[in-house]
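Notes for the structure review
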Amino acid sequence: MQAQEGAAVLVVEQPVVDADAMTLEAAEGDAFLPALLPNLGGDVVNDGTDAARSDEVRGLLSAIRRLENIVEEETVALSTGKKIDFDDFSARKSRSMLEFVRLMRARMHLGNEVEITEEIQRLREKLERNRSILEMHYDAVREVAAIIVKAIKEAESDGTYTGRTAQDGK
């Protein structure tokens with residue numbers, strides 16, 4: 001039987017005994033205990049810290065990927081012109097970002113993991129693209145709002161208190 005991907009092999013210790021001197025009573029009374037011995041095939045003995053570290057890595061990667069998915073979903077919705085609930089996306093991104101920050105603080109020793117570094121870089125790129133598209137949408141909203149404000153002002157004004165240049169459109 002192997003544990004943790006061949007890092008150790010479970011064997012049954014068998015004492016070396018003189019078969020001629022062994023009696024039936026002694027053979028029945030002897031107990032063979034399992035022992036965890038290193039697999040000498042070149043694998044390192046796994047003492048459980050790799051499994052815990054692997055669980056930490058998987059947990060952090062899953063948090064990063066959840067945040068990536070939310071950001072990507074919002075970016076696609078903005079790019080395709082779908083109607084979206086900004087409050088919902090903002091709340092989801094905030095919760096996911098909080099989870100990510102907490103996990104990173106608790107597991108700063110994982111910052112050197114190549115896979116985590118690559119995922120964070122991919123997340124950073126997706127966040128930058130999302131920011132760019134959000135900025136473009138907010139600029140468009142400001143322009144539309146300015147046009148509406150100008151139209152309302154013009155509709156409410158009869159020109160009495162404005163100078164001649166404003167009436168001529170200059």
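Please refer to the structure placed before this passage.
Computed from a predicted model, the values in this text were never measured in an experiment.

Concerning the nonpolar core
Leu60, Ile64, Phe100, Met104, Ile116 and Ile120 are the most contacted members of the largest nonpolar core, which has 13 residues in total. Elements represented by at least two residues in this core include exactly helix H2 (49-80), helix H3 (86-106) and helix H4 (114-156). Counting seven residues, the second largest nonpolar core, distinct from the first, contains Ile70, Leu78, Ile84 and Phe89.

Describing the packing of H3 against H4
When two helices pack together, their arrangement is given by the angle between the helix axes and by the axis-to-axis distance. At a minimum axis distance of 15 Å, the contact between H3 and H4 shows a crossing angle of 155 degrees. Considering their axes alone, H3 and H4 lie roughly antiparallel with respect to each other. You can see that H3 and H4 cross each other, and the crossing is left-handed. Along the contact surface, H3 presents Phe86, Lys93, Phe100 and Met104, while H4 presents Ile120, Asn130, Leu134 and Tyr138.

Regarding the pattern of salt bridges
Per the counting criterion, the structure on display carries 14 salt bridges. Of the charged contacts, one joins Asp55 and Arg58 as a salt bridge, the two residues approaching to 2.2 Å between their closest N and O atoms. In this pair, Asp55 and Arg58 both sit in helix H2, three residues apart, roughly one turn of the helix. Residue classification places Asp55 among the partly exposed residues on the basis of a relative accessible area of 44%. Across the pair Lys93 and Glu74 runs a salt bridge whose closest N-O atoms are separated by 2.5 Å. In this pair, Lys93 is assigned in helix H3 and Glu74 in helix H2, connecting sequence segments 19 residues apart.

Considering a nonpolar patch on the surface
Taken together, the side chains of Val144, Ile148 and Ile152 make up a nonpolar region of the molecular surface, amounting to roughly 260 Å² of accessible area. Structurally, the position occupied by Ile148 is in helix H4. Exposure remark for Ile148: the relative accessible area of 47% places this residue in the partly exposed category.

Side note on the side chain of Thr75
Mapping Thr75 onto the fold places it in helix H2. When neighbours within four sequence positions are excluded, Thr75 is seen to be in contact with Lys126, Arg129, Asn130 and Ile133.

Some details on the environment of Ala77
Here Ala77 is to be found in helix H2. Judged by relative accessible area, Ala77 falls into the buried class, the value being 7%. Sequence-distant contacts of Ala77, that is, excluding residues within four places in its chain, are made with Lys82 and Ile84.

Calculation rules
Residues numbered from 1 in each chain as written. Predicted model: local features only at pLDDT ≥ 70, side-chain atom pairs only at ≥ 80, totals over all residues. Heavy atoms only, no water. Core = buried A, V, L, I, M, F, W, Y, C linked by side-chain atoms within 4.5 Å. Buried < 20%, exposed > 50% of the residue type's maximum accessible area, 1.4 Å probe, protein only. Helix = DSSP H or I, 4+ residues; strand = E, 2+ residues; numbered from the N terminus. Axes fitted to C-alpha atoms, helices over the stretch in contact; angles between N-to-C directions. Parallel < 35°, antiparallel > 145°, perpendicular 65-115°, else oblique. Left-handed = near helix turned anticlockwise from the far one by under 90°. Contact = heavy atoms within 4.5 Å. Salt bridge = Lys/Arg side-chain N within 4 Å of Asp/Glu carboxyl O. Patch = residues over 30% accessible without salt bridge, like charges linked within 9 Å, V, L, I, M, F, W, Y side chains within 5 Å. Areas by Shrake-Rupley, 256 points an atom, 1.4 Å probe, with all protein chains shown as cover.

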